[in-house]
Amino acid sequence: MATTTSPYLPAQILWPATPRGVHQARHSLERQLAEWDLADLAPTAGLVLTELMTNAAQHATAPGRRTGVSILPTPGGVRIEVHDSVNVEEGAPTPTDAPTTAERGRGLTLVDALTTHQWGVTDRDGPGKIVWALCTHPAA
Ligand SMILES: Nc1ncnc2c1ncn2[C@@H]1O[C@H](COP(=O)(O)OP(=O)(O)O)[C@@H](O)[C@H]1O
Ligand SMILES: [Mg+2]
């Protein structure tokens, strides 16, 4: 996959694959959104980032690996990319129809709703994959 770079920030920041790492990444996202005058997207984008990073940590991170996150400006919003270390063929994000009594299994359903279906998975060079999501303002 082609690597996109922006003049504003490094292409990718590596965060610890822990709840604290997710917390730090969310704050970094909030700062970036404020810089781009997109602070109103922070609640939605923060939730999306949290779910994707938690999935990377719980389902797709080799021991000792960090989670790579890229935040890229797009028309009307941002593209969030979360890099993990498991290839698509070995494990892909799959929204599930969690029963009401289930304690897990709603993260991707939430991401799908918050992004109005604008999310997906791409292979990347080398091991692992990228799960991406777009957080944008609703079309006027
Ligand atoms: N980055 C990922 N790599 C591999 N599998 C994933 C990834 N993200 C999610 N999955 C799969 O998709 C399922 C649904 O994810 P999600 O809706 O977030 O629920 P939960 O994480 O609570 O199981 C997970 O149980 C897992 O099997
Ligand atoms: Mg999850």
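Residues numbered from 1 in each chain as written. Chains lettered and ligands numbered in written order. Predicted model: local features only at pLDDT ≥ 70, side-chain atom pairs only at ≥ 80, totals over all residues. Heavy atoms only, no water.

1. Considerations on the pairing of strand S4 (residues 119-123)
In regular strands, side chains alternate between the two faces of the sheet.
Stage number 1. For S4 and strand S5 (residues 129-136), the ladder comprises 5 bridges, and the chain directions are antiparallel. Paired with Thr122 across the bridge in S5 is Ile130. (Pairing = 2+ DSSP bridges. Helix = DSSP H or I, 4+ residues; strand = E, 2+ residues; numbered from the N terminus.)

2. Structural notes on a nonpolar patch on the surface
Stage number 1. Judged by side-chain polarity, Leu47, Leu110 and Leu114 come together as a nonpolar surface patch covering roughly 200 Å² of accessible area.
Stage number 2. With respect to the helices and strands, the residue Leu47 is situated in helix H2 (residues 42-59). (Patch = residues over 30% accessible without salt bridge, like charges linked within 9 Å, V, L, I, M, F, W, Y side chains within 5 Å. Areas by Shrake-Rupley, 256 points an atom, 1.4 Å probe, with all protein chains shown as cover. Salt bridge = Lys/Arg side-chain N within 4 Å of Asp/Glu carboxyl O.)

3. As for unusual backbone geometry
Stage number 1. At Thr116, a position not held by glycine, the phi torsion is positive, near 45 degrees.
Stage number 2. As for its placement among the helices and strands, Thr116 is situated in the loop between helix H3 (107-114) and S4.
Stage number 3. Notably, His117 is not glycine yet its phi reads approximately 70 degrees, a positive angle.
Stage number 4. Tracing the chain through its elements places His117 in the loop between H3 and S4.
Stage number 5. With relative accessibility at 59%, the residue His117 sits in the exposed group. (Buried < 20%, exposed > 50% of the residue type's maximum accessible area, 1.4 Å probe, protein only.)

4. Thoughts on the side chain of Ser85
Stage number 1. When you line up the elements, Ser85 lands in the loop between strand S3 (77-84) and H3.
Stage number 2. Within the structure, Ser85 has its side chain in polar contact with the backbone nitrogen of Ala62 (distance 3.0 Å). (Polar contact = N/O pair within 3.5 Å; in protein donor to acceptor, adjacent residues only side chain to side chain.)

5. Some points on the packing of helix H1 (residues 19-35) against H2
Stage number 1. Where H1 contacts H2, the two axes come as close as 10 Å, and the packing angle between them is 150 degrees. Pair H1 / H2 crosses with right-handed handedness. Judged by residue contacts, Gly21, Val22, Ala25, Arg26, Leu29, Glu30 and Leu33 of H1 engage Ala42, Ala45, Gly46, Leu49, Thr50, Met53 and Thr54 from H2.
Stage number 2. For the contact of H1 with H2, the per-class residue count stands at 8 nonpolar, 4 polar and 2 charged. (Axes fitted to C-alpha atoms, helices over the stretch in contact; angles between N-to-C directions. Left-handed = near helix turned anticlockwise from the far one by under 90°. Contact = heavy atoms within 4.5 Å. Nonpolar A, V, L, I, M, F, W, Y, C, P; charged D, E, K, R; others polar.)

6. A short note on the pairing of S3
Stage number 1. Counting buried positions over the 8 residues of S3 gives 7, a clear majority of the element.
Stage number 2. Note that strand S2 (residues 67-74) and S3 share 7 bridges and pair antiparallel. Counterpart to Gly68 in the pairing with S3 is His83.
Stage number 3. Here S2 hands over to S3 after 2 residues, with Gly76 in that stretch at a positive phi of 75 degrees.
Stage number 4. Pairing geometry for S3 and S5, over 8 bridges, is antiparallel. Residue pairing across strands places Arg79 opposite Leu134, the latter belonging to S5.

7. A short note on the site of ligand 1
Stage number 1. Surrounding ligand 1, one finds 14 residues, the nearest of these being Asn55, His59, Gly105, Leu108 and Lys129.
Stage number 2. At a separation of 3.3 Å, an oxygen atom of ligand 1 approaches a polar backbone atom of Gly107.
Stage number 3. For ligand 1, the accessible surface in isolation is 530 Å², of which the surrounding protein chains cover 82%.
Stage number 4. Within the residue set of the shell around ligand 1, elements represented by two or more residues are H2 and H3.
Stage number 5. Taken together, the residues of the shell around ligand 1 break down into 4 nonpolar, 6 polar and 4 charged. (Near = heavy atom within 4 Å.)

8. Topic: the UniProt feature "domain: Histidine kinase/HSP90-like ATPase" (unreviewed entry) in the protein chain
Stage number 1. UniProt marks residues 16-132 with the feature "domain: Histidine kinase/HSP90-like ATPase" (unreviewed entry), using the numbering shown here.
Stage number 2. In this annotation, residues 16-132 is assigned 37% helix and 21% strand; the end-to-end C-alpha distance for the span is 19 Å. (UniProt positions renumbered as here; feature names shortened; annotations may be inferred.)

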